[in-house]
Amino acid sequence: MSDIKVDAVLDITNEVCPMTFVKTKLKLETLETGQHLEVILNDGEPLRNVPRSLKEEGHRIVGTKKDGTKFHLIVEKGM
Amino acid sequence: MKFTEEQIMRYSRHIILKEIGGKGQDKICKAKVFIMGAGGLGSPAALYLAAAGVGTIGIADDDVVDLSNLQRQVLHATSDVGKAKVFSAEDTLSAINPNVRLIAYKERVTSENVREIIRDYDIVLDGSDNFPTRYLINDACFFAKKTLISGSILRFDGQATVFKPHAGGPCYRCLYPEIPPAGFVPSCSEAGILGPVAGTIGVLQATEALKEVLGIGDQLIGRLSVFDALNSTFREVKIRKDPDCELCGDKASITHLVDYAQAPCAIRI
Ligand SMILES: [Zn+2]
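Residues numbered from 1 in each chain as written. Chains lettered and ligands numbered in written order. Predicted model: local features only at pLDDT ≥ 70, side-chain atom pairs only at ≥ 80, totals over all residues.

Take the overall build of chain B next. Scanning chain B from N- to C-terminus turns up 9 helices and 8 strands. Here the C-alpha radius of gyration of chain B, 18 Å, is about what a compact globule of 269 residues would show, namely 18 Å. Each of the three principal axes of chain B carries a C-alpha extent, and together these read 55 × 45 × 40 Å. The long-range share in chain B, meaning contacts at least 24 apart out of those at least 6 apart in sequence, stands at 69%. (Helix = DSSP H or I, 4+ residues; strand = E, 2+ residues; numbered from the N terminus. Rg over C-alpha atoms; globule rule 2.2 N^0.38 Å. Contact = placed C-beta atoms within 7 Å.)

Okay, unusual backbone geometry next. In the segment running from Cys17(A) into Pro18(A), the intervening peptide bond is cis, with an omega of 0°. Counting through the fold element by element, Pro18(A) comes out in the loop between β1 (8-11) and α1 (19-29). Located in the positive-phi region is Lys145(B), a residue other than glycine, with phi close to 55°. Tracing the chain through its elements places Lys145(B) in the loop between α7 (131-144) and β5 (147-154). Judged by the 10 C-beta atoms lying within 10 Å of it, Lys145(B) falls in the exposed class. One non-glycine residue, Arg155(B), lies in positive phi territory at about 55°. Among the structural elements, Arg155(B) can be located in the loop between β5 and β6 (157-163). Overall, Arg155(B) belongs to the partly exposed group, with 13 C-beta atoms counted inside 10 Å. (Buried ≥ 20, exposed ≤ 12 C-beta atoms within 10 Å, placed from the backbone.)

So, about the interface of chain A and chain B. Taken together, the contact between chain A and chain B spans 8 residues of the former and 9 residues of the latter. For the side of chain A that touches chain B, the residue count by class is 5 nonpolar, no polar and 3 charged. (Nonpolar A, V, L, I, M, F, W, Y, C, P; charged D, E, K, R; others polar.)

Across soluble globular proteins, nonpolar side chains have a tendency to be buried as a group. Val33(B), Ala46(B), Leu49(B), Ile57(B), Val124(B) and Leu125(B) are the most contacted members of the largest nonpolar core, which totals 62 residues. Among the elements that make up this core, the one with the highest residue count is helix α9 (residues 195-214) of chain B (8 residues). Ignoring anything within four residues of it in the chain, the contact list for Val33(B) reads Leu49(B), Val54(B), Ile57(B), Tyr121(B), Asp122(B), Ile123(B), Leu125(B) and Ala209(B). Counting residues in hydrophobic clusters, the runner-up holds 15 residues, among them Phe21(A), Leu54(A), Phe71(A) and Leu73(A). (Core = buried A, V, L, I, M, F, W, Y, C linked by C-beta atoms within 7 Å.)

It is worth spelling out the sheet that holds β1(A) at this point. Residue and element names in this part refer to chain A. Taking strand neighbours across the sheet as the criterion, the 4 strands line up as β1-β2-β4-β3 in an open arrangement whose pairing is mixed. This sheet does not close on itself; its edge strands, each paired only once, are β1 and β3 (60-67). Strand-to-strand, the axes of this sheet are offset by a mean angle of 20°, without reference to chain direction. Relative to strand β4 (residues 70-76), β3 is paired through 7 bridges, and the arrangement is antiparallel. Following the sheet pairing, Thr64 is matched in β4 by Leu73. Each of β2 (36-42), β3 and β4 is contacted by helix α2 (residues 45-56), which is oriented at about 155° to β2, the strand it contacts most. (Pairing = 2+ DSSP bridges. Axes fitted to C-alpha atoms, helices over the stretch in contact; angles between N-to-C directions.)

A separate point is the confidence of the model for chain B. Low-pLDDT stretches of the model should not have their predicted coordinates read in fine detail. Summary statistics for chain B give a mean pLDDT of 94 and a share of 94% for residues scoring 70 or more. With a pTM of 0.91, the predicted complex shows an ipTM of 0.80. (pLDDT = per-residue confidence, 0-100.)

Let us look at the pairing of strand β2 (residues 56-60) of chain B. All names here are of chain B. Among the 5 residues that make up β2, 4 are buried, leaving the element largely enclosed by the rest of the structure. Here strand β1 (residues 32-36) runs beside β2; their pairing, made up of 5 bridges, is parallel. Paired with Ile35 across the two strands is Ile59, which belongs to β2. For the handedness criterion, the β-α-β arrangement of β1, helix α4 (residues 42-52) and β2 is classed as right-handed. Note that the unit made of β2, helix α5 (residues 85-96) and strand β3 (residues 101-105) has a crossover that is right-handed. (Right-handed = clockwise from strand over helix to strand, strands pointing away.)

Okay, structure coming up:
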C-alpha cells in the first residue's frame with residue numbers, strides 16, 4: 001500500500017450512508033482515470049457499503065489498511 | 001462543479017446514480033427549462049424540475065388561480081385563489097428549492113413574443129391546454145431548434161412524447177397535421193379530468209426533460225406514450241416524421257408563426 005502514489009485524500013468518518021458514498025463519488029469525479037484516492041472511513045456499515053458501491057461503478061480497491069477503528073482505502077479511479 | 005454542502009445533501013440521491021453523478025447534477029443545475037402553463041401538467045412538471053435543481057425555470061401563464069384548478073394543479077393552494085398562477089407557482093417553487101432561478105411570464109404567449117421568450121431556454125415543456133398554443137409552441141420550437149416535451153390529458157387518458165425535429169424526429173404537425181376547427185374541439189363536457197392523470201403525464205414530461213438535460217436513456221422521440229388510467233396501462237404508438245409535413249417536411253409551406261383562433265369554450269387543463 002505504501003508504494004502507491006495517492007493523488008487525493010478524503011475523510012468520510014463524519015458522514016453516514018449514503019453521504020459516505022456521495023462524498024467519495026464527488027471526490028473521484030475530480031480525478032483522472034488511473035489516479036488514486038485515499039478514503040478514510042469507519043469500520044462497520046461504511047466499510048461494508050462504500051467499497052462495494054465503488055466497485056459497482058467500475059473503480060478498483062487497490063489497498064486497505066486498518067487504523068484503530070478507522071480504515072484507509074486506496075481507490076483507483078476507473079473509466 | 002462547486003457544490004455547497006447543502007447542495008451535496010439536497011441532490012445526494014441524484015449524485016448516487018451512476019448515470020448522473022456530480023457531473024450530471026451540475027448539468028441539471030445549469031439547465032434552463034421553459035414551461036408553458038402553470039396548470040395540470042405544468043404544476044407537477046415544475047415541482048419535480050425545481051426539486052431536481054434545474055438552474056432556471058421559466059413559466060408562462062396569463063391566468064389566475066381558480067378554485068376549480070386545485071383538484072389537479074398542485075402548484076397552487078386554497079389561499080392562492082385569485083392570485084396570478086405564475087406568482088403562486090413562484091412562491092411554491094422557491095419554497096421547495098431556493099437554488100432555482102424562476103422567471104415568471106404573466107402574459108399570453110403569442111406569435112409576437114414566443115421567440116423572445118423561448119430563446120434563452122434549452123428545453124420547452126408544453127403544459128398548455130389548447131390547440132392554438134400547442135401549434136404555436138411546436139412551430140416556435142421547430143424554428144428555434146428547441147427540444148419540445150409535449151403532453152396532453154383528457155378524462156382518464158393522457159399522452160406524452162418528445163419532439164426533436166432538429167435531430168431527425170417528428171414534430172407535432174407530423175402527428176396532427178390539421179388544427180381542429182375552433183368550434184370542433186373540445187366541448188365543455190369534455191373538461192373532466194381525473195386529477196392524478198395530470199400528475200402522471202406532467203411527471204413523465206419532467207422525466208423526459210431531465211433525460212434530455214443529462215443525455216441519458218432512450219428518449220420518447222418518435223414514440224407517443226399513451227396512459228390509460230382506468231385500465232392502468234401504458235402503450236406506445238410510433239410517430240413517424242411525415243415527409244409531407246407542412247412545417248418540417250421536404251416541401252414545408254409554413255415559414256412563419258401563426259396565432260390560431262381560440263375555441264370559444266376551451267377546456268382548461
Ligand atoms: Zn413535422
